[in-house]
Amino acid sequence: MIPFLDLKKLNAPYEDVFKTKFSEFLANGNYILGDAVVAFESQFANFCGTDYCIGTGSGLDALRLIFEAYKIQGKLKKGDSVLLAANSYIATVLAVLHAGLKPVFVEIESAIFNIDLELLSKPEASVKAILITHLYGQLGPMNAILAYAKEHDLLVVEDASQAHGATLQEKKAGSFGETAAFSFYPTKNLGALGDGGAITTSDANLATILKSLRNYGRSAAHTNEYVGFNSRLDALQALFLSEKLKSVSAENQTRQNLAIRYLAEIKNPLIKLPFWLGSANHVFYLFVILVKDRASFLSYLDLNGIGYLLHYPVPPYQQQALKSYAYLSFPITEHVANTCVSIPLNPVLSKLEIDRIIKVLNQYHA
Ligand SMILES: *Cc1c(COP(=O)(O)O)cnc(C)c1O
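Residues numbered from 1 in each chain as written. Predicted model: local features only at pLDDT ≥ 70, side-chain atom pairs only at ≥ 80, totals over all residues. Heavy atoms only, no water.

(A) Local environment of the pattern of salt bridges. Going through the model one piece at a time under the given rule, you end up with 11 salt bridges. In this structure, the salt-bridge partner of Asp 61 is Arg 64, at a minimum N-O distance of 3.2 Å. Of the two residues, Asp 61 and Arg 64 both sit in helix α4 (residues 59-73), three residues apart, roughly one turn of that helix. Assessed through its relative accessible area of 16%, Asp 61 is described here as buried. Assessed through its relative accessible area of 23%, Arg 64 is described here as partly exposed. (Salt bridge = Lys/Arg side-chain N within 4 Å of Asp/Glu carboxyl O. Helix = DSSP H or I, 4+ residues; strand = E, 2+ residues; numbered from the N terminus. Buried < 20%, exposed > 50% of the residue type's maximum accessible area, 1.4 Å probe, protein only.)

(B) Examining unusual backbone geometry more closely. Across the junction of His 311 and Tyr 312, the peptide omega takes the value 0°, indicating a cis bond. Relative to the helices and strands, Tyr 312 resides in the loop between α10 (294-303) and α11 (331-339). A positive phi angle, near 50°, is found at Leu 33, a position not held by glycine. According to the relative accessible area criterion, Leu 33 is buried, its value standing at 17%.

(C) Seen up close, the site of the ligand. Taken together, 14 residues sit near the ligand, with Gly 59, Asp 159, Gln 162, Ser 183 and Lys 188 positioned nearest. Contacts to the ligand include Gly 59, whose backbone N or O atom sits 2.8 Å from an oxygen atom. Here an oxygen atom of the ligand sits 2.6 Å away from a polar atom, N or O, in the side chain of Ser 183. When residues of the shell around the ligand are traced back to their parent elements, those giving at least two are α4 and α5 (90-98). (Near = heavy atom within 4 Å. Polar contact = N/O pair within 3.5 Å; in protein donor to acceptor, adjacent residues only side chain to side chain.)

(D) Here's a closer look at the nonpolar core. Grouped together as the largest cluster of nonpolar side chains are 59 residues, with contacts concentrated most on Phe 40, Phe 44, Leu 83, Leu 120, Ile 130, Phe 184 and Leu 190. Listing elements by their share of this core, those giving two or more residues are α2 (15-28), α3 (35-48), β2 (81-85), β4 (127-133), α6 (142-151), β8 (179-183), α8 (235-245) and β13 (287-291). Mapped onto the domain boundaries, this core takes at least three residues apiece from domain 1 (7-106 + 114-245) and domain 2 (248-362). Contact partners of Leu 190, with chain neighbours within four places excluded, come to Phe 40, Phe 44, His 164, Ser 183, Phe 184, Tyr 185, Leu 241, Lys 244, Leu 245 and Val 248. Counting residues in hydrophobic clusters, the runner-up holds 34 residues, among them Leu 65, Ala 129, Leu 155 and Phe 330. (Core = buried A, V, L, I, M, F, W, Y, C linked by side-chain atoms within 4.5 Å. Domains from an automatic or database assignment. Contact = heavy atoms within 4.5 Å.)

(E) Inspection of the UniProt feature "active site" (unreviewed entry) in the protein chain at higher detail. On the UniProt side, "active site" (unreviewed entry) is annotated at positions that read Lys 188 here. Locating Lys 188 in the fold gives a position in the loop between β8 and β9 (197-201). For Lys 188, a relative accessible area of 12% corresponds to the buried category. Residues in contact with Lys 188, not counting those within four places in the same chain, are Ser 161, His 164, Ser 183 and Tyr 285. (UniProt positions renumbered as here; feature names shortened; annotations may be inferred.)

(F) View of the pairing of β8. With respect to burial, β8 is a largely interior element, five of its five residues being buried. Here β8 shows two buried faces, one formed by Thr 179, Ala 181 and Ser 183 and the other by Ala 180 and Phe 182. In this sheet, β8 lies alongside strand β5 (residues 155-159) in parallel orientation, the contact comprising three bridges. Residue pairing in the sheet places Asp 159 in a bridge with Ala 181 of β8. Of the pairings in the sheet, the one linking β8 to β9 comprises five bridges and is antiparallel in character. Across the sheet, Ala 180 pairs through a bridge with Thr 200, a residue of β9. (Pairing = 2+ DSSP bridges.)

(G) Fine view of the packing of aromatic side chains. In total, this model carries 19 aromatic pairs according to the counting rule given. Here Tyr 317 and Phe 330 contribute two aromatic rings whose centre-to-centre distance is 5.2 Å and whose plane-to-plane angle is 80°, an arrangement assigned as edge-to-face. Of this pair, Tyr 317 sits in the loop between α10 and α11 while Phe 330 is found in the loop between α10 and α11, placing the two residues 13 residues apart along the sequence. Of the two residues examined, Tyr 317 and Phe 330, each falls in the buried class. Through successive ring pairs, a cluster of aromatic residues spans Phe 40, Phe 44, Phe 47, Phe 182 and Phe 184. Its guanidinium or amino end placed over the ring of Phe 176, Lys 171 lies 5.4 Å from that ring's centre, counting from NZ or CZ. The ring of Phe 47 is capped by Lys 172, whose NZ or CZ atom sits 5.0 Å from the centre of that ring. (Phe/Tyr/Trp six-rings, centres within 6.5 Å; stacked < 30°, edge-to-face > 60°. Lys NZ or Arg CZ within 6 Å of the ring centre and 35° of its normal.)

The structure is reproduced here in structure tokens:
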């Protein structure tokens, strides 16, 4: 059996350093925020090329806090609308809803599975922001999005939870918009050993608000300026993340090399491979293929012992939780939802496993 992702194997190389860091952590007694969080925040801001990084409890919280901070700054208010791709992961949409904002779903195009730029006409007056998810690890069309946002005076927020390190013209995911959210969920390209998230920004005022918001809205001892949250990046996770951050670029390179092999060697008319320009703009959090008769293909993978996942078989607007949006229909989004299969692509697959995945996929027939 080739697992979709073996998290134990992924973290095994860090076992010794994690144990040392844990012993120091235990002895030092500083379990909330503190030096470990400050150090990681500075390293991650540096990695992304932003002035500030604010660690949070999760990726979802990072997005929620961004919207709350904009409400405090007066740049957004309850009831404003946010443009986002119809195929975003549910967390992206939940954050918008939690903040009392309205998601405006935009159909995707089938190359990079992101907002179809041709459908972006003049936005309605209530639209104040655009939320771009770099889905599967590939940057959205940022130059066009930034130009569109400038023309219509929209805030640009990135959901970079799947794209740590993705780079376009020397700029990294998390540095294109005014703000960006990251998740350090264990499976992500930079994953913790539990929940964690972060916000990157170069807006000093916003960074101050965000630091306060994640910590009960506190601005000084016994002083609460905002109706805040408790969503701090865990100090132990910050220590682990600082260690793993050192290898993210190399691991992304390994992922890209594996994608190059898949794209060159998987040759099967029943399998549609993902589009990639071949630059550093894609860090292959996921390698998503499209297969028309998915049910039979999945049985075939089961039979051959190859792990897989689906990202994502139900678009957010079709979820029970969003039933007021159930009237919507986006044919390309739904086609992708009905045919997508994520096959194993990660830095701990062996050459033998990769060879086998390619062979099994090439031998699939109707
Ligand atoms: C993982 C993910 C999130 C949520 O992250 P959590 O840390 O689990 O809250 C949000 N958006 C996208 C696109 C993700 O992939």
